[in-house]
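Residue-level structure breakdown
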Amino acid sequence: MRAPTLPPPQAPRRRKKRRRSLLLNFLGFAFGTFVLVFIAGSAGAGFLIWQASRDLPDYESLSKYEPPVMTRIHAHDGSLISEFARERRIFVPINNVPKRVIGAFLSAEDRRFYEHGGVDLQGVVRAVFTAVESKIHGSNRRTQGASTITQQVAKNFLLTNERSIERKIKEAILAIRIEGAYSKDRILELYLNEIFLGMNSYGVGAASLTYFNKELKDLDIEEAAYLAALPKGPNNYHPFRQKAKATERRNWIIGQMAENGYITKEEAEAAKKKPLTVNLRPNTVHIETAEFFAEEVRRTLLGKYGEDKLYGGGLSVRTTLDPQLQQYARKALTDGLVKFDRRLGWRGPVSRIDISGDWGVALGKLASPSDIAPWRLGVVLETQKAKAIIGFKPARQQDSTLVKDREAVEVSLDDMKWAAKKAGGKKVDAKTTADILKPGDVVYVSPKDPANIQGAWSLMQVPEIGGGLVAMDPYTGRVLAVAGGFSYDLSQFDRVIQAKRQPGSSFKPFVYSAAIDNGYKPTSIILDAPIEIDQGPGLDVWKPKNYETDDTAGPETLRFGIEHSRNQMTARLAQDLGMPVITEYAKRFGIYDDLLPVLSMSLGAGETTLLRMATAYCMLANGGKEVTSTLIDRIQDRYGRTIWRHDERQCMGCMADRWANQTEPQLVDSRRQVIDPLTAYQMTHILEGVVQRGTASVLKSLNRPIAGKTGTTNEEKDVWFLGYTPTMVVGVFVGYDTPKPLGKGNTGGAVAAPIFGEFIQDALGNTPPAPFRVPPGIKFVRVDLKTGLRASADDPNSIMEAFKPDEEPDDAYAMIGINATADATPPPSAPPAGDRVARPAPPASRPDSGSLSPNGLW
């Protein structure tokens, strides 16, 4: 059988390929690319972040941040005297910043501050959108910033102002880290105290004072909003040069404050309607008469703590200044210098200008000191028979533009007649004002009554003579007032603290104090007669003379020698006492560090300062206790901790937690006793006689206990008066900065004492007079003024003299400077002029050791 035939096998059928969608291909490619790019971008971003974060500054340093804070100087009553700073900043804790101020800055800079974590993504998107929109529409509007307050803190504290992607990345990283490390309030506190707000003001505390002369708590809505406008660029919103732009920015912020709920819409509308006004705070001394005082405090702080601490350490300095006494001191010194200068005559106008055109511009260009108010610089516009018309120098606004309206005053002929005497002595018969002034003359004028500028005015002249006045508390050494010259603007040289001059006879009380402390009595007799003293080989014979050359009084008491300032008596006493003793006492009193032990120094020939002399007089006034002069009571650091104080006494019982009937704490006075308290009172009692009968009798009319001593150097080149009441010591010095004679008769009693008198009258005029305290042990005996011997109660030439317990008036003469004794009748004549006499035996009340014991007694 035949096998069936099988059909040939069929080839497998091929499946038809489907064509892929181009769209799917594209999407797949795109996704793959996106993933790769994302991975690469993430890696790149991660690398950049890693790279940027490698050298990031340590943000933890913010916890130790101490911004440079200005040093502030206050008077003893707390009023501000001056501020010293490179950056004007007052650190204000966040809890002391008013909500209104916080709201203004958050509305202007970072409205979502309390919501974001350091970087505001919404703000970034909004800023990008605004930038793109500006590009599309071709707008010139400034692009909107996206930096948060935290980022600004990171930039201001830790980074630079460099514009780069790397800096922005670092800023963002630091902002996130700062947010994790510090509270929002701490971050805001750092920001508000660090930002620069123009006019050298850093932080809102200083800016509030600079622009509005207000504390933060006193700012109005529109004022807080203006401060919040300044971080974007203080010069862009300057209150004078960019006033319209500043007002627009301020009003926008006010609107944002209302939108964010910090103020109501009604408050916002009212605030927007107010004009932009500022009240710029002066950068100079805030108590106008205290420039010399403030400068000395600045020098003291600079020497004690250095520049960085002074200008950035935030010191709070409580000084000893009494603002009212300071005004009295400045007025008394100015009046005295002007009065003396007028006696020398009129030196002519300050300058001359053409008044045919706009004379205000020419007058405005002339410089004049700013610290001599109420004096004004003006130009003579017209001279009439009985008066002259003076046009004032234009005043300046806070933006330094001139005020267009010009004031004018009248000066009568009587109020300028003093100028009829010309410098040099020539006198003009002034019948009209034209004999003294001419139109175009630039002169100073001042109201006769500073409190009434609508009243009469006088012609003035800046004095060429210089001088100083200092007032002190005798028990503590606190300097209450310093007038270092006529004008600080004209000369910063301080005649109280810096000028070293010869004190002349104002030094004599310390020569006589040394004598009384070593056994002499106020009634000891000294010969007032010509004396010649051989000073040694190669040196001229010294022949001291009294002020009136031919005036000698013969034998007189120590009291008389002080009251009438007798040079020859003082020289004899110094020769008898010995100059080494006087040198030691001068050092104890702090007048000189190392006085040359020659006899001429006993008459005040050594140079010293007015402050040193006043401090020495404090020790006479307080019973012989050592005091150190100070212009500063206390210094505190920026945290309020006291780091220095003048009063070093310790109060051990003052720290008790509660009252448990314990005894009252006692402050132990450990100060050195410079001289015996009884000696100090005896000298005070003698110096009272200087005012009652002596060279300062011009002060007798004040009718209050005053002790003091005049001083006049050779040719009247320096004149002094140092005086005190039971509560205050005042020193006055008058003299040219380059020493030259003041003229015959211009003594300490004629020139310096009246200045003292005016000051004391102003300072103590309403205070009932009080006597000097008499220490226990002093006894009073009536003695004859001439002889120092006992006197009867009905003797008109007698006084009650102060003696120590072991002292009595002498029963017979025992003159110092002549080895002779007599009965109760004074010698009929003095020894021949020029006699050199042997030193007599020391008074019986002191040992003959010839040297000082540790307590200063023989």
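Note that the structure is a prediction, hence the values are computed from the model and not measured.

So, the overall build of the protein
Helix and strand counts for the protein stand at 21 helices and 24 strands. For the protein, buried positions account for 49% of its 858 residues. Once local pairs closer than 6 in sequence are excluded, the contacts in the protein between residues at least 24 apart make up 69%. Just so you have it, the protein exposes about 43,000 Å², and 52% of that area is on carbon and sulfur atoms.

Notes on unusual backbone geometry
That bond from A373 to P374 is cis: its omega, 15 degrees, falls within 30 degrees of zero. With respect to the element layout, P374 can be found in the loop between α14 (359-364) and β7 (376-383). Here the phi dihedral of N200 falls at roughly 60 degrees; this positive angle occurs in a residue that is not glycine. For N200, the location among the structural elements is in the loop between α6 (184-194) and β4 (201-202). N200 sits in the partly exposed class, given a relative accessible area of 31%. Phi at N213 is positive, roughly 55 degrees, even though this residue is not glycine. Of note, N213 is situated in the loop between α7 (203-212) and α8 (221-229).

Comments concerning the packing of helix α9 (residues 243-259) against helix α10 (residues 265-272)
One way to put it is that α9 packs onto α10 with a least axis distance of 9 Å and a crossing angle of 170 degrees. Judged by the inter-axis angle, α9 sits roughly antiparallel to α10. Across from R250, N251, I254, G255 and A258 in α9, the residues of α10 making contact are K265, A268, A271 and K272. The class makeup of the residues in the contact of α9 with α10 is four nonpolar, two polar and three charged.

A closer look at the nonpolar core
Counting 133 residues, the largest nonpolar core has F589 and F759 as its most contacted members. At ten residues, helix α19 (residues 610-621) tops the list of elements feeding residues into this core. Contacts of F759, omitting those with residues within four sequence positions, involve L325, Y328, A329, A332, L469, A471, M728 and V730. In this structure, I102, I149, L174 and I187 belong to the second largest nonpolar core, which totals 50 residues.

Here's the deal with the sheet that holds strand β12 (residues 466-472)
Judged by pairing direction, the sheet is antiparallel, and its five strands sit side by side in the order β13-β12-β20-β19-β18 without closing on themselves. Looking at which strands have only one partner, the edges of the open sheet turn out to be β13 (479-483) and β18 (707-712). Adjacent strand axes in the sheet meet at a mean angle of 5 degrees when their direction is disregarded. In terms of strand pairing, β12 meets β13 through four bridges, oriented antiparallel. The residue bridging M472 from the neighbouring strand is V479, located in β13.

Overview of the side chain of R298
Position of R298 relative to the elements: it lies in helix α11 (residues 291-305). Assessed through its relative accessible area of 17%, R298 is described here as buried. Here R298 is in contact with F84, L310 and Y311, once residues within four sequence places are set aside.

A word on the pairing of strand β19 (residues 719-724)
In terms of burial, β19 is largely enclosed, as six of its six residues are buried. Residue alternation in β19 divides its side chains into two sets, V719, F721 and G723 and W720, L722 and Y724, and both sets are buried. Where β18 and β19 come together, six bridges link them in antiparallel fashion. In the strand pairing of β19, T712 is matched with V719.

Quick word on the environment of W359
Examined against the element boundaries, W359 turns out to sit in helix α14. Since its relative accessible area comes to 10%, W359 is described here as buried. Taking the C-alpha atoms as reference points, W359 and G391, 32 residues apart in sequence, are found 9.1 Å from one another.

Looking at the packing of helix α2 (residues 99-109) against α9
Put simply, α2 and α9 touch, their axes get as near as 9 Å, and they point 105 degrees apart. Looking at the two axes, α2 sits roughly perpendicular to α9. When α2 is examined against α9, the residues R100, G103, A104, S107, A108 and E109 are found in contact with a partner set consisting of R249, W252, I253, Q256 and M257. Partitioned by chemical class, the residues of the contact of α2 with α9 number five nonpolar, three polar and three charged.

With respect to the sheet that holds strand β5 (residues 316-319)
Hydrogen bonds between backbone atoms are what pair the strands of a sheet, whose relative direction is either parallel or antiparallel. Taken together, five strands build an open sheet; the order of strands is β2-β1-β5-β16-β17 and the sheet is mixed. Each edge of the open sheet is held by one strand with a lone partner, namely β2 (80-84) and β17 (642-645). Averaged over all adjacent pairs, the angle separating strand axes in this sheet is 15 degrees, with direction ignored. In terms of strand pairing, β5 meets strand β16 (residues 632-636) through four bridges, oriented antiparallel. Opposite R318, over in β16, you have R634 as the bridge partner. Along the sheet, α11 makes contact with β1 (71-74), β2, β5, β16 and β17, crossing β16 at roughly 50 degrees.

Considering a nonpolar patch on the surface
Taken together, V774, F780 and M800 make up a surface patch of nonpolar side chains, about 220 Å² in accessible area. Within the secondary structure, V774 sits in the loop between α21 (748-764) and β21 (779-784). According to the relative accessible area criterion, V774 is partly exposed, its value standing at 36%.

Quick word on the pattern of salt bridges
A complete count under the given rule lists 46 salt bridges for this structure. Note that D528 is salt-bridged to R566, the shortest N-O span being 2.9 Å. In this pair, D528 is assigned in strand β14 (residues 525-528) and R566 in the loop between α16 (558-563) and α17 (567-577), connecting sequence segments 38 residues apart. Exposure class is identical for D528 and R566. Each is buried. For the salt bridge of E626 with R672, the shortest nitrogen-to-oxygen distance reads 3.4 Å. Within this pair, whereas E626 is found in the loop between α19 and β16, its partner R672 is found in the loop between β17 and α20 (677-693), the two being separated by 46 residues in sequence. The partly exposed category is assigned to R672, whose relative accessible area is 40%. Each member of the salt-bridge network shares a partner with another, and the members are R72, E83, R88 and R281.

Quick look at the confidence of the model for the protein
Looking at the protein, pLDDT values average 85 and 82% of them are 70 or higher. Note on residues 397-406: pLDDT under 50 across the span, and 16 contacts to partners over four residues away in sequence or across chains. This stretch, residues 819-858, has a pLDDT under 50; its non-local contacts, to residues over four places away or in other chains, come to 67 contacts.

Details of the packing of aromatic side chains
The relative placement of two aromatic rings is captured by the distance of their centres and the angle of their planes. The tally for this structure, following the rule as stated, stands at 18 aromatic pairs. Ring geometry for F196 versus Y202: centroids 4.9 Å apart, planes at 45 degrees, classification tilted. You can call F196 partly exposed: its relative accessible area is 37%. We classify Y202 as buried; its relative accessible area is 19%. Three or more aromatic residues link up through ring pairs in this structure, and these residues are F507, F510, F589, Y592, Y617, Y724 and F772.

Definitions and cut-offs
- Residues numbered from 1 in each chain as written.
- Predicted model: local features only at pLDDT ≥ 70, side-chain atom pairs only at ≥ 80, totals over all residues.
- Heavy atoms only, no water.
- Helix = DSSP H or I, 4+ residues; strand = E, 2+ residues; numbered from the N terminus.
- Buried < 20%, exposed > 50% of the residue type's maximum accessible area, 1.4 Å probe, protein only.
- Contact = heavy atoms within 4.5 Å.
- Areas by Shrake-Rupley, 256 points an atom, 1.4 Å probe, with all protein chains shown as cover.
- Axes fitted to C-alpha atoms, helices over the stretch in contact; angles between N-to-C directions.
- Parallel < 35°, antiparallel > 145°, perpendicular 65-115°, else oblique.
- Nonpolar A, V, L, I, M, F, W, Y, C, P; charged D, E, K, R; others polar.
- Core = buried A, V, L, I, M, F, W, Y, C linked by side-chain atoms within 4.5 Å.
- Pairing = 2+ DSSP bridges.
- Patch = residues over 30% accessible without salt bridge, like charges linked within 9 Å, V, L, I, M, F, W, Y side chains within 5 Å.
- Salt bridge = Lys/Arg side-chain N within 4 Å of Asp/Glu carboxyl O.
- pLDDT = per-residue confidence, 0-100.
- Phe/Tyr/Trp six-rings, centres within 6.5 Å; stacked < 30°, edge-to-face > 60°.

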